[in-house]
Amino acid sequence: MAKLDTSEIEHRLMQKWAQEGTYQFEAGRPREETFSIDTPPPTVSGSLHVGHVFSYTQTDLMARYARMQGKNVFYPMGWDDNGLPTERRVQNKLRIRCEPHLPYDPAFTPDPDPKRKDVTPVSRRNFIELCHAVTEEDEQAFEDLWTRLGLSVDWDQTYTTIDDRCRRLSQLAFLQLADKGEVYSSHAPSMWDIDFRTAVAQAELEDREVKGVQHRLRFGIEGSDSDPEGTLTVMTTRPELLPACVAVIVHPEDDRYASFIGRQAITPIFGTSVPVMSHPLADPEKGTGAVMVCTFGDTTDVTWWQELGLETRVILGRDGRLLPIAWGETGWASTNVARAQAGYDAIAGKTSKQAKVTIVELLRDSANAVDGSDRAPLEGEPVETIQQVKFFEKGERPLEIIPTRQWFIRLLDKKEQLVEQGRKINWRPEFMRSRYEHWVEGLKLDWCVSRQRYFGVPVPVWYPLDANAEPMLDQPIFADQATLPVDPMSEPPAGLESHQRDQPGGFTADPDVFDTWATSSLTPQIATGWPDNPDKHASTYPLDMRPQAHEIIRTWAFYTIARAYMIDGQIPWENAVISGWVLDPDRKKMSKSKGNVVTPIGLLEQYGSDAVRYWAAKARLGMDTAYDESVFRVGRRLVTKLYNAGKLVIGRLEAVDLAYDQVDSAQITNELDRSFLAGLDAVIVRATDLMANYETAAALETIESWFWSHFTDNYLELSKNRAYAGDPSALATWALSLSAVLRLFAPTLPFICEEIWGWYFAGSVSDDGAKPAGNSIHRCAWPTSEELQTATENASPDVFEIAVETIGQIRRLKSERAISIREEIPAMEVAADKAILGQLSAVIDDVVNAGAINSVKLTPSSEPASAGTLLEVSFP
RNA sequence: GCUCGAGUAGCUCAGUUGGCUAGAGCGCUGCCCUUACAAGGCAGAUGUCGGGGGUUCGAGUCCCUCCUCGAGCACCA
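What you see is a predicted model, and the numbers here were worked out from it, not measured in a lab. Per-chain numbering applies: the sequence of each chain, read as written, is numbered from 1 onward. Chain A is the first chain written and ligand 1 is the first ligand written, with later ones labelled in order. Restriction of local features to residues with pLDDT of at least 70 applies here, the model being predicted, together with a cutoff of 80 or more for giving and counting side-chain atom pairs; totals for whole chains, interfaces and linings are based on all residues. In computing side-chain properties, one takes all heavy atoms of the structure into account and sets aside hydrogens as well as water.

When helices and strands are counted, chain A shows 25 helices and 30 strands. With respect to the principal axes defined by its C-alpha atoms, chain A has extents near 115 × 65 × 55 Å. Relative accessible area decides the class of each residue, using a 1.4 Å probe on protein chains only: under 20% of the type maximum gives buried, over 50% gives exposed, and in between gives partly exposed. Of all 876 residues assigned to chain A, the portion counted as buried reaches 54%. Any two residues whose heavy atoms approach within 4.5 Å are treated as being in contact. For chain A, contacts bridging at least 24 residues in sequence account for 78% of all contacts bridging at least 6. Using a 1.4 Å probe, accessible areas were evaluated by the Shrake-Rupley method; residue-level cover was limited to the displayed protein chains. Carbon together with sulfur atoms contributes 49% to the accessible area of chain A, which is approximately 36,500 Å² in total. Helix and strand definitions follow DSSP, with helices as H or I runs of at least four residues and strands as E runs of at least two, each counted in order from the N terminus.

This is how it looks when you write it as structure tokens:
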């Protein structure tokens, strides 16, 4: 019991728990005795921030509570290391870039000098090896932080989303879906990031506001050359897509354009003949009411293109630059080939942004864009506007829609069932359910799972090559499920030889990898041992709890529910527990990109792990919380108080050589003690109820406020004299109540509670049910009413409250007179109702002792005391 | 535009199914070194419960409406 040194305690206990396997999952115990958690595998992209500390602590509270309820807690940890964030981090950190066509160089070592301007191209295999090396380093740092924070994770249950088992399960789950006809590949317009050069899924899109300029483009109408009214004007923010125009759409009931429907319009400059058609999605209120459809400017274009069977004229390449296009007899048709080609050559090879500028200049300069007329193709002045544009959530330039071949998992045919699955899950807080439902109901696309990247789980597919070495994409060769994981880029499919790779009549690999979510949506299966360890799976699945943040309801939660439904028709977990965000004092979300992040390890050093956990535990589930360091200080104060209270109580118990297993609650006969314990009992009942409902913050509030106002500030003060005098009732009460207090705080403050527990309670106690057994408080039972029953029989908390009110008034009188609490007062008078005085008289000795009162007079009064009090204390 | 959440003391927040005089912590003021604790203790001050209307014996809490902030989804020519 030296001076409190939280850092020393933390390091010592971290080691003890690891050595003793305090948090180990016990294989073989039945499902109903198990509490299993589908832990979010954090993205291993460099560093954890204070938001992680916040939400993972909230999960740990539930894990620890369940463990104290006698549950066999299954609390695994995963690292999500596959995917773009890792690739990007490795690229930046090591100054390299993956160039898949390069040969493997076993001797390559990166030069991470940050001053170096250039970037070294490396082979795919080198790149993947370096990704592994970097993530291993990061994962160790993450584990160290979690351990220091006191997460009661079973470190034997870990996985990384790129490890062999995850790659195998990810591929297996995909192949099983292929067997059921739930996956397909198609060459279709897809959301495409031109920087990462990969397709992205609907769930990874986000809208951002971008300044745009609206231009009015005048199209000619075929056969109306001489008619001054024979033009049609469209409005567009993407004039550079004019060569990709395939139709003009108007609303079927728009009278202005009724006579144009069914005729052909001629695009300015390029002289392309495109049909004028009607479709209800054209909004007469917007722009001119007439829209040009391009392949592809936005998702509505895709809809029109599909529903109206329009032509395809793609001009954007995968790098976001305009493709070279030939016009004329063998190329694209135009009423004026030379002019179309000249116009296009001016924009070919440019980015969309550059081409936009050029094409507007061309249109402006063009006096007679429409053949044989003088009508200027640009009408009026451009108008600036703010538009909502779709971005990849990790991207920096707007997404384009580019036709590519991608693999999809069918979801659109399961929307109703997936909403239904969501209704079987308890969402905490409940209102988060609506986020899930809105997302499912708003789904527009199947799940695009292929990515044109490198550090991921390979799509386990090859294609046969025909005699011309062209892949037969409609005849994919799926990998044998017994040989997973497989890398089609380095292994041949069953029945073929490596030398046939990329040869006519041979095979070629699908070069893509899966979307990270395609693997992380399987964490319930990965963690619980599906399908290799059926016993473990049966004893942990479906899991009890999925903790996660609200911004990934549409990705992780949704995909996980969908995968589980397709695998076994079940919900993956009973409870979706949604944490809030940590906001900085300006109420912006704290994130690395905003540069306002505080490093967690520094906080743990400064305030102690328990104090940081206290801050996380005080926040209500699902509520965003402002980052406020004063709460850490409050937590630290609580830790210090517990330490000191523990020192006082245990110091006394040891001074009289009273071991915990000698404590006899039948000796608790003093009314103050009994009444105090009755109040503790009420706190236990309420806290237990709240914890069972995942209301950890409210439970802590209940325990904490009682601890200060009843336990330390009043009960210990009131009973101290008796305890020092060796009164068995007081000593037994001290032992029982401190034991309960430590266990109530143990989930929130695991370090200090374990430390104090070790001074006295650990190992010295019997294993008779209510009394805790074992060497660690974290394997002990959560307090119950039963363990206090002997002492609290027929006791009411009221007597203690009356004593508290009396000592409170004594202190106030002394405070008003500016005298020390120890200063002796010769006489005191208490006026109150007879019944109150009766209760008070049973405990008055403790009150006058604690208040240093020499004599007391109890005066019955028929008048009620002053408003709000039961009694009136005065010093005559 | 639709949906969800939030609005309570200077700050951060709690207020169960309507019920005594609306609470806590921080901060602030004053007092007290009391044998666990000065990294402490005790005491004190502080409110148009976002605005308006309604239901009720009674509304921070229920209903209607409006305002502000945050978020999700949709639209986005």
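Moving on, we come to the confidence of the model for chain A. Predicted coordinates in regions of low pLDDT should not be interpreted in detail. Confidence in the prediction of chain A, expressed as mean pLDDT, is 89, and 94% of residues score 70 or more. Note that residues 764-773 has pLDDT below 50 and, in this model, 22 contacts with residues that lie over four places away or in other chains. For this predicted complex, the interface score ipTM comes out at 0.93, alongside a pTM of 0.91. pLDDT expresses, on a scale from 0 to 100, how confident the predictor is about each individual residue.

By convention a nonpolar core is built from buried Ala, Val, Leu, Ile, Met, Phe, Trp, Tyr and Cys residues, the set being connected through side-chain atoms within 4.5 Å. Grouped together as the largest cluster of nonpolar side chains are 129 residues, with contacts concentrated most on Leu-642 and Phe-745. In terms of residue count, helix H20 (residues 728-745) provides more of this core than any other element does, 12 residues in total. Look past the residues within four positions of Leu-642 in its chain and what remains in contact with it is Phe-707, Val-741, Leu-742, Phe-745, Leu-749, Ile-752, Cys-753 and Ile-756. In this structure, Tyr-463, Phe-507, Ala-518 and Tyr-541 belong to the second largest nonpolar core, which totals 61 residues.

Moving on: the state of the cysteines. As used in these notes, a disulfide is a covalent bond between sulfur atoms, one from each of two cysteines. Disulfides are defined in this document as cysteine sulfur pairs within 2.5 Å. Counting across every chain of the model gives zero disulfides. Here Cys-131 stays free of any disulfide, with the sulfur of Cys-98 as its closest cysteine sulfur at 8.3 Å. For the unlinked cysteine Cys-294, the closest cysteine sulfur is that of Cys-245, found at 5.0 Å. Overall, Cys-294 belongs to the buried group, its relative accessible area being 3%.

Turning our attention to the sheet that holds strand E30 (residues 871-874). Spatially, the three strands line up as an open sheet ordered E29-E28-E30, and their pairing is mixed. If you trace the sheet from one side to the other, it starts and ends with strand E29 (853-860) and E30, each paired once. Taken pair by pair, the neighbouring strands of this sheet meet at an average axis angle of 20°, ignoring direction. When DSSP finds two or more bridges between two strands, those strands count as paired. Across four bridges, strand E28 (residues 825-832) lies against E30 in antiparallel orientation. Paired with Ala-832 across the strands is Leu-871, a residue of E30. Axis geometry follows a simple rule: fit a line to the C-alpha atoms, using only the stretch in contact for helices, then measure angles between N-to-C directions, giving values from 0 to 180 degrees.

Right, let's get into the packing of aromatic side chains. Describing an aromatic ring pair means giving the distance of the ring centres and the angle of the ring planes. Between the rings of Phe, Tyr and Trp (Trp by its six-membered ring), a pair exists once the centres lie within 6.5 Å; its type follows the angle of the planes, with under 30 degrees stacked, over 60 edge-to-face, and the other angles tilted. Inspection of every chain in the model, using the stated rule, returns 43 aromatic pairs. Aromatic side chains Tyr-643 and Trp-759 sit 5.4 Å apart centroid to centroid with 75° between the ring planes, which places their arrangement in the edge-to-face category. Note that Tyr-643 is positioned in helix H17 (residues 629-655) and Trp-759 in helix H21 (residues 750-760), a separation of 116 residues in sequence. Just as Tyr-643 is buried, Trp-759 falls in that class too.

This brings us to the environment of Ala-469. Among the secondary structure elements, Ala-469 is positioned in the loop between strand E20 (461-464) and strand E21 (477-478). In this structure, the C-alpha to C-alpha distance between Ala-469 and Leu-837, residues 368 residues apart in sequence, is 101 Å.

Here a helix's expected span is defined as the number of its residues, less one, multiplied by 1.5 Å. End to end, helix H8 (residues 352-365) covers 20 Å across 14 residues, agreeing with the expected 20 Å (1.5 Å per residue, within 8%). Listed in full, the buried residues belonging to H8 are Ser-352, Ala-355, Thr-358, Ile-359, Val-360 and Leu-363. Against strand E9 (205-221) and strand E16 (400-409) lie the buried residues of H8.

With that settled, consider the pattern of salt bridges. A side chain of one charge can pair with a side chain of the opposite charge when the charged atoms of the two come close. In what follows, salt bridge is the name for a side-chain nitrogen of Lys or Arg lying within 4 Å of a carboxyl oxygen of Asp or Glu. Inspection of every chain in the model, using the stated rule, returns 47 salt bridges. Notably, a salt bridge pairs Glu-182 with Lys-414, separated by 2.7 Å at the nearest N-O pair. Of this pair, Glu-182 sits in the loop between helix H5 (164-179) and strand E7 (183-193) while Lys-414 sits in the loop between E16 and helix H9 (415-423), and the two are 232 residues apart along the sequence. One salt bridge in this structure joins Asp-673 and Arg-722, with 2.8 Å as the shortest N-O distance. Of this pair, Asp-673 sits in helix H18 (residues 671-692) while Arg-722 sits in helix H19 (residues 696-724), placing them 49 residues apart in sequence.

Take unusual backbone geometry next. The omega torsion of the bond from Arg-428 to Pro-429 falls at 0°, within 30 degrees of zero and hence cis. Within the secondary structure, Pro-429 is located in the loop between strand E17 (426-428) and helix H10 (432-441). The omega torsion of the bond from Tyr-541 to Pro-542 falls at -10°, within 30 degrees of zero and hence cis. The residue Pro-542 is located in the loop between helix H13 (534-540) and strand E24 (543-549) in this model. Unlike most non-glycine residues, Asp-657 shows phi in positive territory, near 60°. Counting through the fold element by element, Asp-657 comes out in the loop between H17 and H18. A relative accessible area of 72% means that Asp-657 is categorised as exposed. Phi is positive for Asn-794, close to 60°, though the residue is something other than glycine. In this structure, Asn-794 sits in the loop between helix H22 (789-792) and helix H23 (797-816).

A word on the sheet that holds E24. Taken in spatial order, the three strands make up an open sheet running E17-E25-E24, and their pairing is parallel. Of all strands in the sheet, those bounded by a partner on one side alone are E17 and E24. In this sheet, adjacent strand axes meet at a mean angle of 20° when their direction is disregarded. Here E24 pairs with strand E25 (residues 573-579) via six bridges, running parallel. Its bridge partner being in E25, Leu-543 is matched across the sheet by Trp-573. Contacts from helix H14 (residues 553-568) reach E17, E24 and E25, with the element oriented near 160° to E24.

A word on the side chain of Thr-733. Topologically, Thr-733 is positioned in helix H20. Filtering out sequence-adjacent residues up to four positions away, Thr-733 remains in contact with Ile-668, Asp-673, Phe-676, Leu-677 and Tyr-715.

Attention now moves to the environment of Pro-876. With respect to the element layout, Pro-876 can be found in the segment after E30. You can call Pro-876 exposed: its relative accessible area is 74%. Between the C-alpha atom of Pro-876 and that of Ala-482, which follows or precedes it by 394 residues, the distance is 92 Å. Dropping the residues within four chain positions of it, Pro-876 is found in contact with Ala-827, Met-828 and Glu-829.

Another aspect to go through is the side chain of His-537. Position of His-537 relative to the elements: it lies in helix H13. Its relative accessible area of 15% is what places His-537 among the buried residues. Ignoring anything within four residues of it in the chain, the contact list for His-537 reads Thr-528, Gly-529 and Trp-530.

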